[in-house]
Amino acid sequence: MTIEELVAFSSSLDPDEAERLYGLGIFPMPLADGYGWFYPETRAVVVLGAWPLRCPKSTLQLVRRYRVGIDIDPMAMVRMCAEVVRDGGWIDASMIEFYAALNDRGLLHSVEVRGVGDELVGGLFGVGVGGIFVGESMVHQVPNASKLAFFALVNVVRELGYQLIDGQWPTDHLTTLGFRTLPGDGYAKLLTACSRIEPGRFESCYLDSTQLRLRDLG
């Protein structure tokens, strides 16, 4: 995160304006006196169908022991991510309230990994706008649970007609999942194409065995 990537500042978060800005590749982060809106100079992305993604065997083995749900309880996923103590943690009470407003508008989506007793053991959440899924945060309590959620997400959004998963800033972890980097101008070209897409709607459900065939994802 650099000052050059800060493109706007606001004292509050307007969900309606946020939907427009997410569609432009701009997303919020809390700062000391308000909220910064950022557009990374280099972006971590998965362009669906453009290169193969491989789910590790250690992650595939979780399918036997855990269920994967879509939008079962997105706000529970947000709160779980917020509770994890980590460097750069940024999901404070105001961001939780913001995500709740996006959830009310049908923009917030989650992939949840749950145990046999329905306990949440990992997953991710993000924002869907046009043909773009913007990943906001992921977490695990069981090793590889967030990886399982990611590879399940790839299957789901591809079937719905999305073209792009936006990981925001590149990290080593995202690289291990199959993300690649794009400069800002290359990302802008993808946004133009994605803005014309009207993908299918997320439905709250648990994925069946067919939907969890994750070994090789193109």
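Just so we're clear, the structure is a prediction, and the values are computed from it rather than from any experiment.

Draft legend 1. The arrangement of the overall build of the chain in detail. Regarding its fold elements, the chain presents seven helices and 13 strands. What you see for the chain is a C-alpha radius of gyration of 16 Å, in line with the 17 Å of a compact globule of 218 residues. Principal axes of the C-alpha set define a box for the chain whose edges measure 45 × 35 × 30 Å. Counting over 218 residues, the chain shows a buried share of 51%. Sequence-distant contacts, at least 24 apart, represent 74% of the contacts inside the chain between residues at least 6 apart. Summed over its atoms, the accessible surface of the chain is roughly 10,500 Å², and 50% of this surface lies on carbon and sulfur atoms. If you average the places of the 19 positive and of the 27 negative side-chain charges in the chain, the two averages end up 12 Å apart.

Draft legend 2. How the structure looks around the packing of aromatic side chains. Going through the model one piece at a time under the given rule, you end up with 10 aromatic pairs. Plain terms: the ring middles of phenylalanine 133 and phenylalanine 202 are 6.2 Å apart, the flat faces sit at 35° to each other, and that makes the pair tilted. Taken as a pair, phenylalanine 133 in strand E9 (residues 132-140) and phenylalanine 202 in the loop between helix H7 (184-194) and strand E12 (205-206) lie far apart in primary sequence, 69 residues in all. Like phenylalanine 133, the residue phenylalanine 202 is buried in the burial classification. On the numbers, 5.3 Å between centres and 35° between planes, the contact of phenylalanine 150 with phenylalanine 179 is tilted.

Draft legend 3. Structural detail: helix H3 (residues 74-83). For H3, the buried fraction is high: seven of the 10 residues fall into the buried class. Buried positions along H3 lie against helix H4 (93-104), strand E7 (108-114), strand E8 (120-129) and E9.

Draft legend 4. Here's a closer look at the sheet that holds strand E2 (residues 27-31). Taken together, the three strands give an open sheet; going across it, the order is E1-E3-E2, and neighbouring strands pair in antiparallel fashion. In this open sheet, the two edge strands, each paired with only one partner strand, are strand E1 (6-10) and E2. The average undirected angle you get between the axes of adjacent strands in this sheet is 30°. In this structure, E1 lies alongside strand E3 (residues 34-38), joined through four bridges in antiparallel fashion. By the bridge assignment for E3, phenylalanine 9 is matched with glycine 36.

Draft legend 5. Inspection of the pattern of salt bridges at higher detail. Here the structure, examined in full by the defined rule, presents six salt bridges. Residue arginine 114 pairs with glutamate 112 through a salt bridge whose shortest N-O separation is 2.9 Å. Comparing arginine 114 with glutamate 112, the two get one shared label, buried. A salt bridge links aspartate 118 to arginine 114; the nearest nitrogen and oxygen atoms lie 3.8 Å apart. Among the ionic contacts, a cluster of salt bridges with common partners joins Arg67, Glu112, Arg114 and Asp118.

Definitions and cut-offs
Residues numbered from 1 in each chain as written. Predicted model: local features only at pLDDT ≥ 70, side-chain atom pairs only at ≥ 80, totals over all residues. Heavy atoms only, no water. Helix = DSSP H or I, 4+ residues; strand = E, 2+ residues; numbered from the N terminus. Rg over C-alpha atoms; globule rule 2.2 N^0.38 Å. Buried < 20%, exposed > 50% of the residue type's maximum accessible area, 1.4 Å probe, protein only. Contact = heavy atoms within 4.5 Å. Areas by Shrake-Rupley, 256 points an atom, 1.4 Å probe, with all protein chains shown as cover. Lys, Arg positive; Asp, Glu negative; His and termini not counted. Charge placed at Lys NZ, Arg CZ, Asp CG, Glu CD. Phe/Tyr/Trp six-rings, centres within 6.5 Å; stacked < 30°, edge-to-face > 60°. Pairing = 2+ DSSP bridges. Axes fitted to C-alpha atoms, helices over the stretch in contact; angles between N-to-C directions. Salt bridge = Lys/Arg side-chain N within 4 Å of Asp/Glu carboxyl O.

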